[in-house]
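Remarks on the overall topology
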Amino acid sequence: MTLTEKVLARASGKAHVQAGDNVWVNVDILMTHDVCGPGTIGVFKREFGKAAKVWDPKKLVIIPDHYIFTADSMSNRNVDILRDFANEQELPYFYDVIDDSAGHWKFDANQGQLKKQYGKNYTGVCHTTLPWKGHTRPGEVLFGTDSHTCMAGAFNQFATGIGNTDAGFILGTGKLLVKVPETMRFFLEGELPPGLMAKDVILHVIGEIGFDGATYRAMQWEGPGVHSMAMDDRMTIANMAIEAGAKNGIFPFDEKTDSYVRERVTENGTKSTYEPAEIDADQKFSYDKVFDLSKLEPTVACHPDPGQRKTAKELSNVTLDRAYIGSCTGGKTSDFLAFAQVVRGKSVKIDTFGVPATTKVVQELKDTQWDGKSVWSILENAGVRMTENASCAACLGGPVDTFGRMNTPMKCISATNRNFPGRMGHKESQVFLASPYTVAASALTGKITDPREYVG
């Protein structure tokens, strides 16, 4: 069996499953957030009763992160709905924006977007919070009411996005009917040259197969190139499986996976036992191709979809209005360190926004010192507008007062994951997806720039 088939077989209590089988799987973790959480709760109460209890409070994780730092009253109200439900169900894993469990969330527009507006339990983006807080474990099944839930596949688990109706059903039963997907294998060899990152890998692959090339399939990553990657890099790649239409992305288990997960489940007191899915020698794939990392170049996905692949060099005549680094894909500490490596001691030429994925990233950027200066100050000194309010921010547009949102037609190069029309705001804007290295180099020049001019 493939890795995905192994995980789904175990979760359904079967010795063997294959692509096309429909199986009832037991859910290890369900995640929801402020956009879909209220709808999911509504479905649950409608179908199971207003006084119904969730199937397992310890397996439900609720993370407000999308439409948070906005004066929009309905968005603020969504967080209150989540809090009411967490109190009612006595949920241990609700990462609230405020400290008062009986309070109401309201964003203070007068304080502005840059300075911290959250309490001690707030974490930031759901997909980066899950591994940080010890909710991603090898061999498990994780569903989330968000398409980029597939990022958790970096941890050798079956993770995928679902809708409110399915999530409401899981709340009441802890199960879901799943069709086992076919598996595509991407075998990585070689090493990435200087100036390239995991983002270049996934953009290259999506450009190869098309933004619908993996529709309802599992993207399985193998090879020595995979094992040389840090967990952050694997998360970047798994995150964008959905950008190729995939049901999920999944990585093999190794010592790096084990070390990362054990540290975080110990730190947070979450469930510490897990059974990884190991690779079988004999697997059946619907697609199988080898990619040599050493031959890749800095890659950009052009408007209007992630499959529009070009090299940064090919786009050197494209002038830009904005640069953006953030999101579950591009807002991790390692992403900001790469960005800072390029802009250090220089000044950006265009409006550049930085949104850390989690509050932990904020702290790490402030604590990390380079020659006596924090990375946070290095970024600010370069002209990057850094916000302490970790969130999804402008990645998906949101209300008009969202930090970094494009409210007029413009061209933006971004370390985020999606560039369909209107994705980051104005429907006539153009978003170019690239690695933090490429975004940083382009911010310095005001046009799409090959980062190897700055990193070598």
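Let me sum up the structure you'll find in this document.

1. Side note on the overall build of the chain
From N to C terminus, the chain includes 14 helices and 19 strands. The globule rule puts the C-alpha radius of gyration for 456 residues at 23 Å, and the 21 Å found for the chain is close to it. Dimensions of the chain, computed from C-alpha atoms along their principal axes, come out at roughly 55 × 55 × 40 Å. Counting over 456 residues, the chain shows a buried share of 61%. For the chain, the proportion of contacts with a sequence separation of at least 24, taken over those separated by at least 6, is 75%.

2. Considerations on the nonpolar core
Counting residues in hydrophobic clusters, the biggest one holds 55 residues, and the most contacted among them are F186, L188, V201, M219, W221, I237 and Y324. Those elements that place two or more of their residues in this core are β7 (182–189), α6 (198–209), β8 (217–222), α8 (231–239), α9 (255–268), β14 (351–355) and β19 (430–433). Setting aside chain neighbours within four positions, we find I237 in contact with A198, V201, I202, W221, M229 and F251. Counting residues in each nonpolar core, the second largest holds 38 residues, with A323, A340, V361 and A441 among its members.

3. Brief notes about the pattern of salt bridges
Applying the stated rule across the entire model yields 26 salt bridges. Here E243 ties to R418 by a salt bridge, and the two come within 2.6 Å at their closest N and O atoms. Of this pair, E243 sits in the loop between α8 and β9 (248–250) while R418 sits in the loop between β18 (411–414) and β19, placing them 175 residues apart in sequence. Close ionic contact of E297 with R452 constitutes a salt bridge, the shortest N to O distance being 3.1 Å. Of the two residues, E297 is situated in the loop between β10 (287–292) and β11 (299–301) and R452 in the segment after α14 (436–445); the sequence distance between them amounts to 155 residues. A cluster of three or more residues bridged by salt bridges with shared partners is formed by E297, K313, D450 and R452.

4. What to know about the sheet that holds β10
Reading across from one edge, β9-β8-β7-β10 is the order of the four strands in this open sheet, with parallel pairing throughout. The two strands at the open ends of the sheet, each matched to only one other strand, are β9 and β10. Strand-to-strand, the axes of this sheet are offset by a mean angle of 20 degrees, without reference to chain direction. Note that β7 and β10 share six bridges and pair parallel. Paired with F187 across the strands is V290, a residue of β10.

5. Brief notes about helix α11 (residues 333–343)
When you tally the buried positions in α11, you get eight out of eleven residues, the bulk of the element. Those residues of α11 that fall on the buried side of the exposure criterion are T333, D335, F336, A338, F339, A340, V342 and V343.

6. Let's talk about the side chain of T236
By the secondary structure assignment, T236 is in helix α8. With relative accessibility at 5%, the residue T236 sits in the buried group. Once you skip the residues sitting within four places of it in the chain, T236 turns out to touch A198, K199, I202, T329 and K332.

7. Structural notes on the packing of aromatic side chains
One pass over the full model with this rule turns up 16 aromatic pairs. With a centroid separation of 5.9 Å and 35 degrees between ring planes, the pair formed by W24 and F169 is classed as tilted. Here W24, found in strand β1 (residues 22–26), pairs with F169, found in helix α5 (residues 164–173); they are 145 residues apart in sequence, far enough to count as distant. Ring centres of F143 and F158 lie 6.2 Å apart, and the angle between their planes is 80 degrees; on these two criteria the pair is classed as edge-to-face. Here F158 lies in strand β5 (residues 158–161) and F143 lies in strand β4 (residues 141–144), a separation of 15 residues in the sequence. Residue classification places F143 among the buried residues on the basis of a relative accessible area of 1%. For the cation-ring pair, K133 lies above W132, with the distance from its terminal atom to the ring centre recorded as 4.4 Å. Looking at R264, its charged tip hangs above the ring of Y260, at a distance of 3.5 Å from the centre.

8. Quick notes on the sheet that holds strand β2 (residues 29–33)
Taken together, the four strands give an open sheet; going across it, the order is β3-β2-β4-β5, and neighbouring strands pair in parallel fashion. Either end of the sheet is taken by a strand with one partner, and the two such strands are β3 (60–63) and β5. Going from strand to strand, the sheet's axes swing by 15 degrees on average, the running direction of each strand aside. Here β2 runs beside β3; their pairing, made up of four bridges, is parallel. Within β3, the position partnered with H33 by the bridge is I63.

9. Structural notes on the environment of W221
Along the chain, the position of W221 falls in strand β8. Residues W221 and D351 lie 130 residues apart in sequence; the distance between their C-alpha atoms is 36 Å. Excluding residues that lie within four positions of it along the chain, W221 makes contacts with F186, L188, V201, I202, V205, V226, I237, I250, F251 and P252.

10. Points about unusual backbone geometry
What you tend to see is this: most non-glycine residues have negative phi, and most peptide bonds are trans. Cis peptide bonds are those with omega within 30 degrees of zero, and the linkage from H303 to P304 qualifies with 10 degrees. Relative to the helices and strands, P304 resides in the loop between β11 and β12 (309–311). A positive phi angle, near 65 degrees, is found at N156, a position not held by glycine. One non-glycine residue, A393, adopts positive backbone phi at about 50 degrees. Tracing the sequence through the fold places A393 in the loop between β17 (385–386) and β18. With a relative accessible area of 5%, A393 lands in the buried category.

Parameters and conventions
- Residues numbered from 1 in each chain as written.
- Predicted model: local features only at pLDDT ≥ 70, side-chain atom pairs only at ≥ 80, totals over all residues.
- Heavy atoms only, no water.
- Helix = DSSP H or I, 4+ residues; strand = E, 2+ residues; numbered from the N terminus.
- Rg over C-alpha atoms; globule rule 2.2 N^0.38 Å.
- Buried < 20%, exposed > 50% of the residue type's maximum accessible area, 1.4 Å probe, protein only.
- Contact = heavy atoms within 4.5 Å.
- Core = buried A, V, L, I, M, F, W, Y, C linked by side-chain atoms within 4.5 Å.
- Salt bridge = Lys/Arg side-chain N within 4 Å of Asp/Glu carboxyl O.
- Pairing = 2+ DSSP bridges.
- Axes fitted to C-alpha atoms, helices over the stretch in contact; angles between N-to-C directions.
- Phe/Tyr/Trp six-rings, centres within 6.5 Å; stacked < 30°, edge-to-face > 60°.
- Lys NZ or Arg CZ within 6 Å of the ring centre and 35° of its normal.

All quantities given are derived from atomic positions and should not be read as evidence of function.
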